[in-house]
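For reference, the chains in residue letters:
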Amino acid sequence: MNVNGEHDQRMESVQAAMAARSAVRSWAEGLELIELVRATHRAGWLKQLRGETTAAELAAAHGTSVKQVSEVLAVLSSANVVRPGDGSSSGDSFRLSPEFDALVAGAAGVEMTVVLDAVELARSQVARAVRPTDQEPGAGIEGAQALVLARDWGLRPTPAARQLIGMLYEALPEFRARLESGGPLLDVGTGVGGALITGLTLFEGLRAVGVESVPEVAAECRRRTEAAGVADRVDIRTTDARALSDESAFSACFWAQPFFSEDVRADTLTVIFRALRPDGLLLVQELFPPGSTQDEPTLRAGLDRLFFTQRHIPFGLSAEELAAEGHAAGFRDARVTDSALGKLVLMRKPDC
Ligand SMILES: C[S@@+](CC[C@H](N)C(=O)[O-])C[C@H]1O[C@@H](n2cnc3c(N)ncnc32)[C@H](O)[C@@H]1O
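Criteria and cut-off values
Residues numbered from 1 in each chain as written. Predicted model: local features only at pLDDT ≥ 70, side-chain atom pairs only at ≥ 80, totals over all residues. Heavy atoms only, no water. Helix = DSSP H or I, 4+ residues; strand = E, 2+ residues; numbered from the N terminus. Expected span 1.5 Å × (residues − 1). Buried < 20%, exposed > 50% of the residue type's maximum accessible area, 1.4 Å probe, protein only. Arc of directions from axis to C-beta. Contact = heavy atoms within 4.5 Å. 1 Å grid on protein atoms, 1.4 Å probe; cavity = no way out; pocket = protein on both sides within 12 Å on 5 of 7 lines; lining within 4 Å. Points joined across faces, edges and corners; volume = space filled by probe spheres on them. Nonpolar A, V, L, I, M, F, W, Y, C, P; charged D, E, K, R; others polar. Domains from an automatic or database assignment. Near = heavy atom within 4 Å. Areas by Shrake-Rupley, 256 points an atom, 1.4 Å probe, with all protein chains shown as cover. Pairing = 2+ DSSP bridges. Axes fitted to C-alpha atoms, helices over the stretch in contact; angles between N-to-C directions.

Peer 1: Could you clarify how one ought to interpret helix H11 (residues 215-227) in this entry?
Peer 2: Each turn of an α-helix holds 3.6 residues, which means side chains three or four residues apart point in the same direction. Over its 13 residues, H11 runs 18 Å from end to end, which matches the ideal 18 Å to within 8%, given 1.5 Å per residue. Those residues of H11 that sit buried are Val217, Ala218, Glu220, Cys221, Arg224 and Thr225. On an axial view of H11, the arc spanned by its buried residues comes to 160°, and they lie on one face. The exposed set on the far side of H11, more than 90 degrees from its buried face, consists of Glu226 and Ala227. Tucked into the core, H11 has its buried residues touching helix H7 (143-153), helix H10 (194-202), strand E5 (208-212) and strand E6 (234-238). The first or second residue beyond H11 is Gly229, which carries a positive phi of 75°.

Given below as structure tokens:
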């Protein structure tokens, strides 16, 4: 290669490295933004920004300079966390955008601290994907980390959540009729009881059993049943679902299948089948629709897939695959329904 050729090659590799550097720097924007949002939330700024507030008011309330507050607000504004206010206060005012206002308010349990904790959990876990398999410290998520995950998925039984879960049952009149006539409902993989507790508040005569293997998560769920005033109609059992010994006791079951690992799925379906009465209904939800996970992989879907597959949880099973799993356990008449919450699969335990 001549001198010019070597020079061109060096220039190309410098440009390539600069391009990669700018990609890394653009990823870092999200990291820094999360830390800024976490800090402003902890310090009470976001709460104050639920109402229209000026930089001067924030600075006075939190002992910071107006200049620094203005710079923070400019960054939060670029990220649509805050927006300029309508100017009713003196000076340049800001308030949370409607989306972040709802998150800071904790609409239906979708809360800022819960979201930030879940993001931190995912961040702390992702590097484990690179460890040699024989150094894997245990694939499951336990204790406080399981609680972070369950809170992130668990709605609170607010009117908005009732509307959402109500829409789900609207799409399933047969399942809904079982709940309306009292169940009993078996809820497997209860988490902090988002679906279960909301259902209990929707159907006043409903009785239920919730099954959750992580003690910290089950304890939080029990606290939430007390807070919602439904504790006398539900039994939250702290156990691995595979240990259930109920026979022909339930008319309906909801299985939070997306969180169950490969090695426990068939046995879990076997105990659900046994626990349902003949003609009992099993409902499962297709959580990560295949279109966004396999056919057109995105960065988000790829990272989610990593998180789940590290825990040996099959990621993004399609409604058809879920129906086949149920069929192998003895369920029949699988029917797939499209709903506002994605595809739902309803299956029946045969009469005889
Ligand atoms: C994230 S929650 C699902 C959301 C929940 N259904 C709700 O509506 O809030 C799933 C739960 O299943 C639990 N789980 C996973 N495998 C289990 C098993 N074998 N037996 C019992 N619970 C299990 C996990 O601990 C987790 O808390």
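Peer 1: How should I be thinking about empty space enclosed by the protein in this particular structure?
Peer 2: A water-sized probe, rolled over the atoms, reveals where empty space remains. If you walk through the whole model with that rule in mind, you get one cavity of 30 Å³ or more. Of the volumes computed, that of the largest cavity is approximately 50 Å³. As for the largest cavity, its lining consists of Gln257, Pro258, Leu287, Phe288, Phe308, Pro314, Phe315, Gly316 and Leu317. For the lining of the largest cavity, a count of residues per class yields seven nonpolar, two polar and no charged.

Peer 1: Would you mind going over the layout of surface pockets with me for this structure?
Peer 2: By volume, the second largest pocket amounts to about 1,100 Å³. Around the second largest pocket, the lining comprises 35 residues; the ones closest to its centre are Val119, Ala122, Arg300, Leu303 and Asp304. Where the lining of the second largest pocket is concerned, the elements lending two or more residues are helix H1 (3-42), helix H6 (112-125), H7, helix H13 (290-295) and helix H14 (299-309). Both domains that meet at the lining of the second largest pocket, namely domain 1 (3-105) and domain 2 (154-348), each give it at least three residues.

Peer 1: What is the right way to look at the site of the ligand in this model?
Peer 2: Around the ligand, the surrounding shell holds 19 residues, and the nearest of these are Gly189, Gly194, Ala195, Glu212 and Ala241. When the free accessible area of the ligand is taken as 610 Å², the share hidden by the protein chains comes to 89%. At the level of elements, H7 and H10 are the ones that each hand at least two residues to the shell around the ligand. Residues that form the shell around the ligand fall into these classes: nine nonpolar, eight polar and two charged.

Peer 1: Help me understand the environment of Lys47 in this model?
Peer 2: Turning to its location among the elements, Lys47 is positioned in helix H2 (residues 45-48). In this structure Lys47 comes out as exposed when scored by relative accessible area, which is 66%. Between the C-alpha atoms of Lys47 and Ala59, which are 12 residues apart in sequence, the distance is 14 Å.

Peer 1: Where do I start with the environment of Ala118 in this structure?
Peer 2: Tracing the sequence through the fold places Ala118 in helix H6. The exposure class assigned to Ala118 is buried, which follows from its relative accessible area of 13%. Each C-alpha atom of the pair Ala118 and Val148 lies 5.9 Å from the other, and the pair is 30 residues apart in sequence. Contacts of Ala118, omitting those with residues within four sequence positions, involve Val148 and Asp152.

Peer 1: What should I look at first to understand the sheet that holds E6 in this one?
Peer 2: Note: strands within a sheet are paired through backbone hydrogen bonds, in either parallel or antiparallel orientation. Pairing within the open sheet is mixed, and its seven strands lie in the order E6-E5-E4-E7-E8-E10-E9. Each edge of the open sheet carries a strand with a single partner, namely E6 and strand E9 (332-339). Each strand axis lies, on average, 20° off the axis of its neighbour in the sheet, ignoring direction. By the bridge criterion, four bridges tie strand E7 (residues 250-255) to strand E8 (residues 276-285) in an arrangement that is parallel. In the strand pairing of E8, Phe250 is matched with Leu276. In the packing of helix H15 (residues 319-328) onto the sheet, contacts are made with E7, E8, E9 and strand E10 (342-348), and the angle to E10 comes to roughly 15°.

Peer 1: When you look at the sheet that holds strand E3 (residues 93-96) in this model, what are you seeing that I'm missing?
Peer 2: One open sheet accounts for three strands, arranged E1-E3-E2; its pairing is antiparallel. The open sheet has two free edges, formed respectively by strand E1 (53-54) and strand E2 (82-84), since each of these has just one partner strand. Where E1 meets E3, two bridges bridge the pair, whose relative direction is antiparallel. Residue pairing across strands places Thr53 opposite Phe94, the latter belonging to E3.

Peer 1: How should I be thinking about unusual backbone geometry in this particular structure?
Peer 2: Excluding glycine, residues mostly have negative phi values, and the peptide bonds linking residues are mostly trans. With omega at -5°, the peptide bond leading from Gly183 into Pro184 counts as cis. The topology assignment puts Pro184 in the loop between helix H9 (173-180) and strand E4 (185-188). Of note, Asn80 is a non-glycine position whose phi angle comes to about 60°, a positive value. Position of Asn80 among the secondary structure elements: in the loop between helix H4 (66-78) and E2. Its relative accessible area of 28% is what places Asn80 among the partly exposed residues. The phi torsion at Asp279 lies on the positive side, around 75°, for a residue other than glycine. Tracing the backbone through its elements, the reader meets Asp279 in strand E8.

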